[in-house]
Amino acid sequence: MEASCMQLSIEGERLLKAHDYQGAIDFFEAGIRAGTDDKEVLSAVYNQLGNACFYIGKFHKALEYHKKDLEIAQALGDKQGQAKAFGNLGNTFKSLKSYDNAIRCCEDHLRITKELKDRLGEGRACYNLGNVHHAVGKSHNAKKTPDEISLGHAAIKKAIEYYKTTLTITKELQDTSGEGRAVGNLGNAYTAIGMFKEAIVFHERRLEIAESHSDLAAKARACGNLGNAYSALQNYSEALKFYKMSLAVAKDAGNLAGQGQAYYCIGTTYTMLKNHNKAIEFHEMHLKQATELNDKQGIIRSWFNIRNSAQAIGDKEKRNHFHHLIERHKEKNNIRAPPSGQPPSSSTTALKSVSASTGSSASGASTKLASLRLRGKCCFISFSFSDSFVQSMAVLLFLCLVSRNAPRCISSLPHVFFLLAVI
């Protein structure tokens, strides 16, 4: 006897929960082929198909399935289902960098949740709208012209408004996990427009929540973000404190990459303090960690940093050894040295300014299929600065140079270059 749509979908749900996303897709698609007259079940299957595709980066397929989910929800007059489908569509459009479509879908999500007086859904819709506007802001900032930066800051300020609404709602609902996400993203947003003191307030709250939930990953992110913010304010002693906290958390969690990131940031901070011997100590630990992880960008950064610190203390032997490695790498790859002897900047292994996320477009929701959790369509999306936060700091440098405070900012140029490397 052939399996029914429901039976196949149950297995798909099991595989989805086990993070076997392609296996889940295979079973959900088999369920669709098996067919069912129950439109609510069909809607739920399309939703989870979209989520599974989203998890593995098949965003166009995810879009296709979430659109089918929306069509069924509209045909059924299911407002809650429509809201969640719009939310998932918004998240997927954002991942495709189709920001206008993302904003429209997220606004529809928000509109319907307000009609339903669904405060939890409203908070999630505002969170997602904040994320989309934040992404728009980063895309403008990356172009680095005054007009684009102005547009970028305006978009990020709009994101801040939505994050603050999310924060209000999460506090009202006593949702500390949601509050943690909101304050983390608020900290990131304020950092992106150079308002570091405001960023610190929110990242400190993020740290408090992470500690209360024994959430090591969130604690490490908060410590790293606080270190970055204090570095931007040239308060290197406080930056060191938080980078060292991040290192301790990474060790507790057995996170080797996180340890390497922290070693790098601590070493670079010691460089800013002109304690070159300590800088070499931590950059050598970073080099060891990067070598174990086969992190080529991290290895090269370590070579530059050790060479420069060795030169500062007159250790010619160490300086010449790492200079030779760098020159051999440049010849092999036909690349030029970075300006002013700075190490190549990259966010590959540096601490990133990030906020907590579910890592997907969906989380659980109660329906007639609650036992399967098959209709889990609430909308949170991954949000991180891993791809372009370094660019936003470059924009900060540009703003310093063109602002009326240029003389004060110019005096901080070495510090800004440091941020280009460590964020």
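Please read these numbers as outputs of a predicted model, since none were measured by experiment.

Conventions adopted
- Residues numbered from 1 in each chain as written.
- Predicted model: local features only at pLDDT ≥ 70, side-chain atom pairs only at ≥ 80, totals over all residues.
- Heavy atoms only, no water.
- Helix = DSSP H or I, 4+ residues; strand = E, 2+ residues; numbered from the N terminus.
- Expected span 1.5 Å × (residues − 1).
- Buried < 20%, exposed > 50% of the residue type's maximum accessible area, 1.4 Å probe, protein only.
- Polar contact = N/O pair within 3.5 Å; in protein donor to acceptor, adjacent residues only side chain to side chain.
- Core = buried A, V, L, I, M, F, W, Y, C linked by side-chain atoms within 4.5 Å.
- Contact = heavy atoms within 4.5 Å.
- Salt bridge = Lys/Arg side-chain N within 4 Å of Asp/Glu carboxyl O.
- Phe/Tyr/Trp six-rings, centres within 6.5 Å; stacked < 30°, edge-to-face > 60°.
- Lys NZ or Arg CZ within 6 Å of the ring centre and 35° of its normal.
- pLDDT = per-residue confidence, 0-100.
- Axes fitted to C-alpha atoms, helices over the stretch in contact; angles between N-to-C directions.
- Parallel < 35°, antiparallel > 145°, perpendicular 65-115°, else oblique.
- Left-handed = near helix turned anticlockwise from the far one by under 90°.
- Nonpolar A, V, L, I, M, F, W, Y, C, P; charged D, E, K, R; others polar.

S.K.: Account for helix α13 (residues 256-272), naming residues and giving values.
M.R.: Here α13 contains 17 residues, and its C-alpha end-to-end distance of 25 Å stays within 8% of the 24 Å for a straight helix at 1.5 Å per residue. Counting buried positions along α13 gives 13 out of 17 residues, so the element sits mostly inside the fold. Where α13 begins, one side-chain oxygen reaches toward the backbone nitrogen of A257, 3.2 Å away; that side chain belongs to N255. Looking one or two residues past α13, K274 carries a phi angle of roughly 60°, positive in sign.

S.K.: Provide a residue-level description of the nonpolar core, including the pertinent values.
M.R.: In this structure, L110, L129 and V132 are the most contacted members of the largest nonpolar core, which totals 22 residues. For this core, the elements supplying multiple residues, two or more each, are α4 (59-76), α5 (79-95), α6 (99-115), α7 (119-141) and α8 (146-172). With 7 residues, the top contributor of residues to this core is α6. Those residues within four positions of L129 in sequence are excluded, and the remaining contacts are I103, C106, E107, L110 and Y162. Membership of the second largest hydrophobic core comes to 20 residues, among which are I200, A222, L226 and A262.

S.K.: Explain the pattern of salt bridges residue by residue, including any values.
M.R.: Considering all chains together, one arrives at 14 salt bridges under this definition. Across the pair E11 and R14 runs a salt bridge whose closest N-O atoms are separated by 2.5 Å. Placement of both E11 and R14 in helix α1 (residues 5-17) is noted, with a separation of 3 residues, approximately one turn of the helix. With a closest N to O distance of 3.2 Å, R119 and E122 form a salt bridge. Here the residue R119 and the residue E122 both occupy positions in helix α7, the gap between them amounting to 3 residues, near one helical turn. One salt-bridge network, held together by shared partners, links K79, D108, R111 and E115.

S.K.: Help me get a handle on the packing of aromatic side chains, residues and values and all.
M.R.: Under the definition given, this model contains 8 aromatic pairs. Relative to F202, the ring of Y190 has its centre 5.7 Å away and its plane inclined at 5°; by these criteria the two rings are stacked. You can see Y190 sitting in helix α9 (residues 176-192) and its partner F202 sitting in helix α10 (residues 196-212), a full 12 residues away along the chain. Accessibility classification places Y190 together with F202 in one group, the buried group. Following the ring pairs from residue to residue traces out a cluster consisting of Y263, Y270 and F282. Over the ring of Y264 we find R301, and its NZ or CZ is 5.0 Å from the ring centre.

S.K.: Mind laying out the confidence of the model for the chain, listing which residues take part and the relevant values?
M.R.: For the chain, per-residue confidence averages 84 on the pLDDT scale, and residues scoring 70 or more make up 78% of the total. Looking at the elements of the chain, mean pLDDT is at its lowest for helix α19 (residues 413-422), recorded as 33, and at its highest for α6, recorded as 98. Confidence drops under pLDDT 50 across residues 337-352; counting only partners more than four residues distant or on other chains, this segment forms 51 contacts.

S.K.: Requested: an account of the environment of C265, with residues and values cited.
M.R.: Following the sequence through the fold, C265 ends up in helix α13. Sequence separation between C265 and S246 is 19 residues; the distance between their C-alpha atoms is 10.0 Å.

S.K.: So what about unusual backbone geometry? Which residues, and what values?
M.R.: A positive phi angle is found at K117, which is not glycine, with a value near 55°. As for its placement among the helices and strands, K117 is situated in the loop between α6 and α7. Judged by its relative accessible area of 72%, K117 falls in the exposed class. A positive phi angle, close to 65°, is found at K144, a residue other than glycine. Of note, K144 is situated in the loop between α7 and α8.

S.K.: Describe in detail the packing of helix α2 (residues 21-34) against helix α3 (residues 39-55), supporting the description with residues and values.
M.R.: Contact pair α2 / α3: the axes reach a minimum separation of 9 Å and the direction vectors enclose 155°. With respect to α3, the axis of α2 lies roughly antiparallel. Between α2 and α3 lies a crossing whose hand is left-handed. Seen from α2, the contacting residues are Y21, I25, F28, E29 and I32; seen from α3, they are L42, V45, Y46, Q48, L49, A52, C53 and Y55. Here the residues of the contact of α2 with α3 sort into 11 nonpolar, 1 polar and 1 charged.

S.K.: Tell me about the packing of α5 against α6, and please be specific about residues and values.
M.R.: Contact pair α5 / α6: the axes reach a minimum separation of 8 Å and the direction vectors enclose 155°. Comparing the axis directions of α5 and α6 gives the class roughly antiparallel. Crossing handedness for the pair α5 and α6: left-handed. Where α5 abuts α6, its residues K79, Q82, A83, K84, F86, G87, L89, G90, F93 and K94 lie against Y99, N101, A102, C105, C106, D108, H109, I112, T113 and E115.

S.K.: I'd like to hear about the environment of E172, residue by residue, with values.
M.R.: The topology assignment puts E172 in helix α8. Accessibility expressed as a relative area gives 47% for E172, which makes it partly exposed.

S.K.: Kindly report on helix α11 (residues 216-232), identifying the contributing residues and their values.
M.R.: Here α11 spans 24 Å end to end across 17 residues, near enough to the 24 Å set by a 1.5 Å rise per residue. With 13 of 17 residues buried, α11 is to be regarded as a mostly interior element. Regarding α11, its N-cap is D215, as a side-chain oxygen of that residue lies 3.3 Å from the backbone nitrogen of A217 further along.

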